[in-house]
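Structural overview
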Amino acid sequence: MPESVRVRFAPSPTGHLHVGGARTALFNWLLARHDRGVYVLRIEDTDLSRSTEDYTRSLLEALRWLGLDWDEGPPTPGYRQTERFDIYRAHAERLLAAGKAYRCRCTPETLDALRKTAEARKETFRYPGTCREANVPASEPHALRLAIPREGETVVHDVIRGDVTVSHAELDDWILVRTDGTPTYNFCVVVDDVTMKITHVIRGNDHLSNTPKQVLCYEALGYPVPIFAHIPMILAADKTRLSKRHGATSVLAFRDLGILPEAMLNYLARLGWSHGDQEIFSREDLIAHFDLAHVGAADAVFDLEKFKWVNHQWIKRLPAERLARELGPFLERAGLPAPRDLAWLGRVVEPLRERARTLVEMAEQAAFYLKAPEAYDPQSTAKFWKEHAPERYALLIKRLEAQEAMDPEALEGLYRFLAADLGLKLVDLAQLTRIALTGKTASPPIFEVVSILGKAETLARLKAAAAAVGLAR
RNA sequence: GGCCCCAUCGUCUAGAGGCCUAGGACAUGGCCCUCUCAAGGCUAAAACACGGGUUCGAAUCCCGUUGGGGCCA
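What you are looking at is a predicted structure, and each value in this text was computed from that prediction instead of being measured. (Residues numbered from 1 in each chain as written. Chains lettered and ligands numbered in written order. Predicted model: local features only at pLDDT ≥ 70, side-chain atom pairs only at ≥ 80, totals over all residues. Heavy atoms only, no water.)

**With respect to the overall build of chain A**
Looking only at helices and strands, chain A features 19 helices and 11 strands. Oriented by its inertia axes, the alpha-carbon framework of chain A measures out at about 105 × 55 × 35 Å. Counting the 473 residues in chain A, one finds 49% classified as buried. Counted over contacts in chain A with a minimum sequence separation of 6, partners at least 24 positions apart contribute 75%. Summed over all atoms, the accessible surface of chain A reaches about 22,500 Å², with 53% contributed by carbon and sulfur. Chain A carries 62 positive and 64 negative side-chain charges, and their two centres are separated by 3 Å. (Helix = DSSP H or I, 4+ residues; strand = E, 2+ residues; numbered from the N terminus. Buried < 20%, exposed > 50% of the residue type's maximum accessible area, 1.4 Å probe, protein only. Contact = heavy atoms within 4.5 Å. Areas by Shrake-Rupley, 256 points an atom, 1.4 Å probe, with all protein chains shown as cover. Lys, Arg positive; Asp, Glu negative; His and termini not counted. Charge placed at Lys NZ, Arg CZ, Asp CG, Glu CD.)

**What about the protein's contact with RNA strand B?**
Surrounding RNA strand B, one finds 47 residues, the nearest of these being Arg 115, Gly 272, Arg 355, Arg 434 and Ser 443. Those atoms of RNA strand B that come within 4 Å of the protein belong to sugar or phosphate at a rate of 76%. Residue Asp 299 places a side-chain N or O atom 3.4 Å away from a sugar or linking oxygen belonging to RNA strand B. Residue Pro 445 places a main-chain N or O atom 3.1 Å away from a base oxygen belonging to RNA strand B. Taken together, the elements giving at least two residues each to the surface near RNA strand B come down to α4 (108–120), β6 (162–167), β11 (300–301), α10 (304–317), α17 (426–438) and α18 (446–453). Looking at side-chain class alone, the surface near RNA strand B contains 16 nonpolar, 12 polar and 19 charged residues. (Near = heavy atom within 4 Å. Polar contact = N/O pair within 3.5 Å; in protein donor to acceptor, adjacent residues only side chain to side chain. Nonpolar A, V, L, I, M, F, W, Y, C, P; charged D, E, K, R; others polar.)

**A closer look at the sheet that holds strand β7 (residues 175–177)**
With respect to topology, three strands assemble into an open sheet ordered β3-β4-β7, the strand pairing being antiparallel. Looking at which strands have only one partner, the edges of the open sheet turn out to be β3 (101–104) and β7. Direction aside, the axes of adjacent strands within the sheet are offset by 40° on average. When strand β4 (residues 143–146) meets β7, the two strands line up antiparallel, connected through two bridges. In the strand pairing of β7, Leu 144 is matched with Val 177. (Pairing = 2+ DSSP bridges. Axes fitted to C-alpha atoms, helices over the stretch in contact; angles between N-to-C directions.)

As structure tokens, then:
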């Protein structure tokens, strides 16, 4: 019986979770959920100078928001590299004892000098193995290097890229443990993956170059090499690495822009992975269909327009109650008065869902439901506040005061009757009403608006508009 | 600079030698629908980087060139 899949996501808490990291997390999580395996979260905080507790919290918050729950990891102890130094030390000593690693006393100055010489001769610098046979005593300050085979080559079997072969002549006896006793990144990763029994290493393609030397380390340690899958990078529109200067890149920033977690997952999954022509995937769809075989090899450009389209699809699909709840904080942040209640907000959200691509947009569009217009759009009034506007407002007010049924159909009936009676088009009366209620000539269907606002509020706004036309004329 | 990876419409992608006069989606233009704005429907324009092979046949396989990305410095 094959052992079950164990995958991990191993972010460094040196910044917020960005979209590239989120997608790596997603692919790992999907493989685990698809294969009923185990998804491990490990915090790679060995870089003490750049890692912070705040970023760790932010990382966990982003993962939770996305719903990428981990089976093993914090807060359980032992899943942060800073808690694992003893483990690295033990493995380093094992390698040393087995003669697979050796002490090196070359100073940074010596190495710099060698590097400069190599550069001067236009050669690539590689550690020449000075200390390999020197038997440097433990009492002297020393780093620890992996003794790699001088001859031959190492082949990385990558699920996405096939076999990647690197000649040992290209590789160094790289440093496992620095002179100050701290283990290096590549060494920690190997030891962690080995001790956490990771079966599939799914990570960004930027790690492919480090993989041959890691493979050598697995072999020196005598452990089986995991299955590797180096997934393509996410690039900005200019095909360079995504960075702050390209705008929002962190998961939490997109959340604050009004992106739904469903949309984030959906869009990220479709960057580099596909399932025929399908564009919209729920979390369940992704789990059901995800496979490494359909992950592409080419880097992908992050396209905010398509991302917003996907978000819009999810805004259109979510139940009104959930949408209303998601919208709440955005209304508050926009400084709008609190809605009457969640059920009413659910009615407000209904016509907006096909007009708003983000929750921020939706909050803007919802503003007039919560607050009467403070001003009327000049272009709109210029077009519709003509000679007959005051008397038409007066008529609308009179007829609406007498109107009992406030459902959209009944209201439309009333308006159509009035328009016909006056020899007008429906649009004329509709736009006058729209300006009064929303301040503009663009809004959801006006009879729905009237219905949601209610009779009293509608009349109040019509009267305010009637007064304003009087002044304007 | 050395090594590694990658290469289908502007973008995300389908495509695993004949199903391809290359399909879908975003964005863009047009038309329809319509109380406005949307949404939706229909439609148009838009790609196999280039050059050699292999093969009866290549977007698909091989080599090279070019371009992009990554790692090491």
